[in-house]
Each structure stands twice: as structure tokens, then as C-alpha cells.
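# Observations on the model geometry
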Amino acid sequence: MTSNREQHRRPGEWPITPVDLDAQPMDHDQLYVKRAEERALREMVLDSIRHHLAQQPTPAAIRAAATTWKNAITSLADELINTRRSER
């Protein structure tokens, strides 16, 4: 890989350019709010899935519904990955 800092690297690819965290302006209140929003969104999504699973009549139906959710999430992730790769 060249030393061009503008070139995109894949996650986990070396060398990683160190970041001086002390040089970054940090507003702790905004950071707290952002983390709280992300946590709330995650909990809403998981609660929706949990509600759907709880409506299933049998353990086998719960497992089947969970597999359907897993496949749907994996499919969405694959679509986003392909979109991001094509943007490069």
C-alpha cells in the first residue's frame, strides 16, 4: 500500500495512522447524547424483534422466525457492503 493518506484502507489494514485524541475537540455532553441516541435506537430495534419472536406460538416457530430475521439482517448488510465497495 502506498503512503498516500488520502487513499482508503480496509478495516484492520495496516499501517494505521495514529490519531491524537487530545487534539480533537470533544464536547462530552454531545458525545453522551450521541451514545444515548445510538443505544436507544439499538434497544428499539431489538425490542421490536423480541416482540415479534414472542408472538410465535411454539419454540420451533420462534427459531424459524429468528432465522428469518438473521437472514434478513445479513442480506441488508451484504447490500450495504456492496454499495460501499462500489462507491470507492
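Here, the structure is the one placed above.
Residues numbered from 1 in each chain as written. Predicted model: local features only at pLDDT ≥ 70, side-chain atom pairs only at ≥ 80, totals over all residues. Heavy atoms only, no water.

## Here we look at the overall build of the chain
When you go through the chain residue by residue, the secondary structure sums to two helices and zero strands. A total of about 8400 Å² of accessible surface is found on the chain, and carbon and sulfur atoms cover 56% of it. (Helix = DSSP H or I, 4+ residues; strand = E, 2+ residues; numbered from the N terminus. Areas by Shrake-Rupley, 256 points an atom, 1.4 Å probe, with all protein chains shown as cover.)

## Considering a nonpolar patch on the surface
On the surface, a nonpolar cluster with roughly 300 Å² of combined accessible area is contributed by Leu41, Met44 and Val45. In this structure Met44 comes out as exposed when scored by relative accessible area, which is 53%. (Patch = residues over 30% accessible without salt bridge, like charges linked within 9 Å, V, L, I, M, F, W, Y side chains within 5 Å. Salt bridge = Lys/Arg side-chain N within 4 Å of Asp/Glu carboxyl O. Buried < 20%, exposed > 50% of the residue type's maximum accessible area, 1.4 Å probe, protein only.)

## Structural notes on the packing of helix H1 (residues 28-54) against helix H2 (residues 59-87)
Relative to each other, H1 and H2 sit at 145°, their axes nearing to 9 Å. As for how H1 packs across H2, the hand of that crossing is right-handed. Where H1 abuts H2, its residues Ile49, His52 and Leu53 lie against Ile62, Ala65, Ala66, Trp69 and Ile73. Considering only residue class, the contact of H1 with H2 consists of seven nonpolar, one polar and no charged. (Axes fitted to C-alpha atoms, helices over the stretch in contact; angles between N-to-C directions. Left-handed = near helix turned anticlockwise from the far one by under 90°. Contact = heavy atoms within 4.5 Å. Nonpolar A, V, L, I, M, F, W, Y, C, P; charged D, E, K, R; others polar.)

## Digging into the pattern of salt bridges
Any two side chains of opposite charge can pair if their charged atoms end up close together. Per the stated rule, a full pass over the model turns up two salt bridges. In this structure, Arg42 engages Glu43 in a salt bridge whose closest nitrogen and oxygen atoms are separated by 3.7 Å. For the salt bridge of Asp47 with Arg50, the shortest nitrogen-to-oxygen distance reads 2.5 Å. Note that Asp47 and Arg50 are positioned in helix H1 at a spacing of three residues, about one turn of the helix.

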